[in-house]
Amino acid sequence: GAGVSQSPSNKVTEKGKDVELRCDPISGHTALYWYRQSLGQGLEFLIYFQGNSAPDKSGLPSDRFSAERTGGSVSTLTIQRTQQEDSAVYLCASRLGRSQETQYFGPGTRLLVL
Amino acid sequence: QQQVKQSPQSLIVQKGGISIINCAYENTAFDYFPWYQQFPGKGPALLIAIRPDVSEKKEGRFTISFNKSAKQFSLHIMDSQPGDSATYFCAASFPAGNNRKLIWGLGTSLAVNP
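The rules behind the values
The written sequence of each chain sets the order in which its residues are numbered from 1. Working convention: letters from A go to chains and numbers from 1 go to ligands, in the order in which they are written. In keeping with the model being predicted, local features are shown solely for residues with a pLDDT of at least 70 and side-chain atom pairs are shown and tallied solely at 80 or more, while totals for entire chains, interfaces and linings include all residues. Here the side-chain values reflect all heavy atoms present in the structure, with hydrogen atoms and water set aside. With a 1 Å grid laid over protein atoms only, a set of points is called a cavity when a 1.4 Å probe fits there but cannot get out and a pocket when it is open yet has protein on both sides within 12 Å along at least five of seven lines; lining residues have an atom within 4 Å of a point. Grid points are joined across faces, edges and corners, and a volume is the space filled by probe spheres set on the points. Under the scheme used here, helices are H or I runs from DSSP no shorter than 4 residues and strands are E runs no shorter than 2 residues, and both carry numbers assigned from the N terminus. Amino acid classes used here: Ala, Val, Leu, Ile, Met, Phe, Trp, Tyr, Cys and Pro are nonpolar; Asp, Glu, Lys and Arg are charged; the rest, including Gly, are polar. A pair of strands counts as paired when DSSP detects no fewer than two bridges linking them. Axes here mean lines fitted to C-alpha atoms, for a helix over just the part in contact, with angles spanning 0 to 180 degrees between N-to-C directions. Nine residue types can take part in a nonpolar core, namely buried Ala, Val, Leu, Ile, Met, Phe, Trp, Tyr and Cys, and a core is a set of them joined through side-chain atoms within 4.5 Å. Exposure classes here rest on a 1.4 Å probe applied to the protein chains alone. A residue is buried below 20% of its type maximum, exposed above 50%, and partly exposed in between. Between two residues, a contact is recorded if the distance between any of their heavy atoms is within 4.5 Å.

Peer 1: So what's going on with the layout of surface pockets? Residues and values would help.
Peer 2: Looking at the largest pocket, its volume works out to about 480 Å³. The set of elements that each furnish at least two residues to the lining of the largest pocket consists of strand S1 (4-7), strand S9 (86-96) and strand S11 (108-113) of chain B. The residue inventory of the lining of the largest pocket, partitioned by class, reads eight nonpolar, 13 polar and three charged. Computed from the structure, the second largest pocket encloses a volume of approximately 270 Å³. Lining the second largest pocket we find 17 residues, and of these Leu43(A), Phe45(A), Leu102(B), Ile103(B) and Trp104(B) sit closest to its centre. Those elements that place two or more of their residues in the lining of the second largest pocket are strand S4 (31-37) and strand S5 (43-50) of chain A together with strand S10 (99-104) of chain B.

This is how it looks when you write it as structure tokens:
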């Protein structure tokens, strides 16, 4: 497929465990975003990548959250020592480049922390 | 303040009726205004977008009306169909270095009754 893919689609974990969420952007898209969407809420920006660098990490809620991107493609969002308030849908989006505005979203990873 | 205020929070429309969702913004640096549609279990998808140099854009049954002086824009869905039932997000974008920052409204849950 040519769209943004995310894995896993669902993740149930216990409080205190670490989780890794993966995003495969559209091929050739240089910009990549992570968002968090809580039930019935809007989209909360977490982090923006341009290539492999992250010039905007302002949305990461705490130092338990980190993300990396390798090869200008796949990105991983890691949440350490998960808390129940981390339960949400984590969405990844990619954008072609600086002159293109549209963000294309993946289906999200639904994280439930018990 | 970089906010986008969206209303109503929820909307129920009869099949064939007109659905209207409104958004307002403050930051005059915004230069791109997209609307995203999100079905349950899916990521948001771009529906239609407008730039501030035009007052209206129409694509099929979907129309954006833009009032630059009032800093308001709205989505009109003509002849609403049950398949239009989804959550709609307005957003506003501005350039930020190499990035395009996207500020989101909180969403409108639309239900179209058959």
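Now that the structure has been shown, we can carry on.
Peer 1: Before we move on, could you go through the sheet that holds strand S8 (residues 75-79) of chain A and cite the residues and values that matter?
Peer 2: Residue and element names in this part refer to chain A. An order of S1-S3-S8-S7 is seen for the four strands of this open sheet, with the pairing classed as antiparallel. Both edges of this open sheet fall to strand S1 (5-7) and strand S7 (65-69), since each of them pairs with a single strand only. Each strand of the sheet is rotated relative to its neighbour by a mean of 15°, with strand direction disregarded. Summarising the sheet, strand S3 (residues 19-24) and S8 pair through five bridges and their orientation is antiparallel.

Peer 1: Mind laying out the nonpolar core, listing which residues take part and the relevant values?
Peer 2: Nonpolar side chains in soluble globular proteins generally cluster together in the buried interior. Counting 26 residues, the largest nonpolar core has Val4(B), Phe30(B), Phe33(B), Trp35(B), Phe73(B), Leu75(B) and Tyr88(B) as its most contacted members. For this core, the secondary-structure elements that each account for two or more residues are strand S2 (10-14), strand S3 (19-25), strand S4 (33-38), strand S5 (45-50), strand S7 (62-67), strand S8 (72-77), S9 and S11 of chain B. Sorting elements by how many residues they give to this core places S9(B) first, with five residues. Setting aside its immediate chain neighbours within four residues, Phe73(B) contacts Val4(B), Ile21(B), Asn22(B), Cys23(B), Tyr25(B), Phe33(B), Trp35(B), Ser65(B), Phe66(B), Cys90(B) and Ala91(B). Membership of the second largest hydrophobic core comes to 19 residues, among which are Leu21(A), Leu32(A), Trp34(A) and Val113(A).

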